[in-house]
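Each chain, letter by letter, is given below.
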Amino acid sequence: MKFRNLLLEFNRRNAQGLLQETSTSTILKTIKRLYTEIKYNFSKKEWNAWAHKGLLAAGLIASTSLQAQNTNTPDFGVGTHFHHNGSEVYFSGGFAAPAMADIDGDGDLDMIVGMRTEYSSLDSSTYDYIMEPKFKVYSDFDSATDSFQNSFELNTNGFSIANYDNPYSYATTAFVDFDEDGDVDLITGNYNETLSLLKNDGNGNFSFDSYVQANGSDISAGNFMHANFADIDGDGDMDMLVGERHSYGGGYESQIHVYENTAGAGNPIAFSNAGQILRSGDTNVLGTGIIGFHMPVPYLVDYDGDTDLDLFVGLNTGDLYYFENEGGTNAHSFDSGNNVTIDYAYNYTYNTRSCPLVVDIDEDGDLDLISGFIDNSGTSGELYLFESDSSTMAINQFETNEISVYPTKVIHELNISGKGEQYNIHVYTTTGQQLISAENVTSVNVSKLKSGIYLAVVADENGVTKTQKFVKL
């Protein structure tokens, strides 16, 4: 409504020739207010239906400008290898499944990569291959060099799995505070048809606890299960998506299942109901019986800034698809999807088995793509960074030092001060999930947030904005 009123006022002034009589500072402030409304309040449907046309009619944008992160085709830059201490990161065995969590407890996010490893023994009674999945941790990221400063192997206390017909472990990765004890736990899938829960002892040491269950039984939807946790239904707790493949008509069919957390916010995660196929309308969001879609890796994030969660899906072909949520925070409804263009800095590169993350790893205010791949030789896992190219108007284009957000290390209240009287504030995780939204305030209570790093995006009534990173203690 605010945007509509502003747009009508601009059209009225433009039609009457009054814009020439309006001071530059007033026009700039109004444009800033327009931009704030654009960034936080548009769905794709609204943008396509009237907002873009209205801005064109008002003469505020050109037909090719303002391609913000709420369009239906994400745009990322050319992919380059991640580095560790100056050297490119590779994983022997041909697999790399990244996730992000604060493993070392230093307040910033680390990258944890599941790898492919060969079996270590053979069960003499069942003839199953016994394997110990491995995970590599990279910490202290330097955005200037795209390089992690430290690395170590995740301690899983001898965790092992059995495969009956495959001598390799393909460790998928997801982290969430499953038992609500204040630290993140590991949920990992593999070629075998199980999801294993490894609980954190609070010091970054993980031990097998159980297989993840739904409706009283171990989840066994298919193989190569890859989990992702987010609040997809907007009820304040963490739900789970699981991508998998299974045999179908002589080939493979793939599905993404949604498991609703029925325990409620603040309680250990529990899935009382069986998983439901993720759909776009009445159709499986991945289609039916499409061979190229097997081994899907889902990742939920609010990419377009409209407060609901959109879906990225990596495929075994190396392709990446984006499905915009057109439903809303409490009732997801994804569109038919678009193939995201991926370019590499290396002409010889052709990669498969895309495992995506979409996070603001360089902390510049927009969402970047990180993806693990199997290289074109099939023997090495690789990790690429694709920095965001989606917006011609950066998140901080209208930012000044007129707004202060403090303290940067906070337990209870995050305060806002500046030249404005009231402020709108949105608090995000570093992976882009909105957790708090408040209007016309000068402070916000963040005491219920878990310890970690967050982004506060604040705007005053004149459209002046401030993006501030803070640490919740």
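Definitions and limits used
- Residues numbered from 1 in each chain as written.
- Predicted model: local features only at pLDDT ≥ 70, side-chain atom pairs only at ≥ 80, totals over all residues.
- Heavy atoms only, no water.
- Pairing = 2+ DSSP bridges.
- Helix = DSSP H or I, 4+ residues; strand = E, 2+ residues; numbered from the N terminus.
- Axes fitted to C-alpha atoms, helices over the stretch in contact; angles between N-to-C directions.
- Buried < 20%, exposed > 50% of the residue type's maximum accessible area, 1.4 Å probe, protein only.
- Lys, Arg positive; Asp, Glu negative; His and termini not counted.
- Salt bridge = Lys/Arg side-chain N within 4 Å of Asp/Glu carboxyl O.
- Contact = heavy atoms within 4.5 Å.
- Core = buried A, V, L, I, M, F, W, Y, C linked by side-chain atoms within 4.5 Å.
- Phe/Tyr/Trp six-rings, centres within 6.5 Å; stacked < 30°, edge-to-face > 60°.

For the chain, the name recorded in an unreviewed UniProt entry is Secretion system C-terminal sorting domain-containing protein, with Neptunitalea chrysea as its organism.

### Examining the sheet that holds strand β15 (residues 185-189)
Strand pairing in a sheet is mediated by backbone hydrogen bonds. Such pairs are either parallel or antiparallel. Ordered in space as β14-β15-β16-β17, the four strands form an open sheet in which the pairing is antiparallel. Looking at the sheet topology across the chains shown, the edges are occupied by β14 (174-176) and β17 (206-211). On average, each strand axis in the sheet is inclined to that of its neighbour by 30°, with strand direction left out of account. When β14 meets β15, the two strands line up antiparallel, connected through three bridges. Residue pairing in the sheet places Ala-174 in a bridge with Ile-187 of β15.

### Re the side chain of Asp-128
Examined against the element boundaries, Asp-128 turns out to sit in the loop between β8 (121-122) and β9 (129-131). This buried residue, Asp-128, is left without a salt bridge; Arg-245 holds the nearest opposite charge, at 16 Å. Beyond its immediate sequence surroundings of up to four residues, Asp-128 is in contact with Ser-121, Leu-122, Asp-123, Ala-162, Asn-163 and Tyr-164.

### Quick notes on the pairing of strand β40 (residues 465-472)
Strand direction decides the pairing type here: strand β34 (residues 409-410) and β40, joined by two bridges, are parallel. Each residue of the ladder has a partner; that of Val-410, found in β40, is Lys-472. Bridge analysis of strand β39 (residues 452-460) against β40 gives eight bridges, and the strand direction is antiparallel. Counted as the bridge partner of Val-457 is Thr-467 from β40. Linking β39 to β40, which pair antiparallel, is a turn of four residues; within it Gly-463 sits at a positive phi near 85°.

### Notes on the nonpolar core
Phe-82, Met-111, Ile-361 and Ile-370 are the most contacted members of the largest nonpolar core, which totals 32 residues. Sorting the residues of this core by element identifies β6 (110-114), β26 (297-301), β28 (320-323), β30 (352-359), β31 (368-374) and β32 (380-386) as the ones contributing at least two each. Take this core: its biggest share by element is four residues, from β32. Formed by 19 residues, the second largest nonpolar core is a distinct cluster that contains Leu-414, Val-427, Val-441 and Phe-470.

### Considering the pairing of strand β36 (residues 423-429)
In summary, the side chains of a regular strand alternate between the two faces of the sheet. For β36, a buried count of seven out of seven residues is recorded, marking the element as mostly surrounded by other parts of the structure. Bridge analysis of β36 against strand β37 (residues 434-441) gives five bridges, and the strand direction is antiparallel. Considered in β37, the bridge of Tyr-423 is made with Val-441. Where β36 lies against β39, seven bridges are found, and the strand directions are antiparallel. Opposite Tyr-428, over in β39, you have Leu-455 as the bridge partner.

### Quick notes on the packing of aromatic side chains
Taken as a whole and judged by the stated rule, the model has 25 aromatic pairs. Ring centres of Phe-178 and Phe-271 lie 6.5 Å apart, and the angle between their planes is 70°; this geometry places the pair in the edge-to-face category. Remark: Phe-271 occurs in the loop between β22 (251-259) and β23 (276-277) and Phe-178 occurs in the loop between β14 and β15; sequence separation between them is 93 residues. The exposure class assigned to Phe-178 is buried, which follows from its relative accessible area of 10%. On the numbers, 5.8 Å between centres and 25° between planes, the contact of Tyr-454 with Phe-470 is stacked. Residue Tyr-454 is located in strand β39, and its partner Phe-470 is located in strand β40; the two are separated by 16 residues in the primary sequence.

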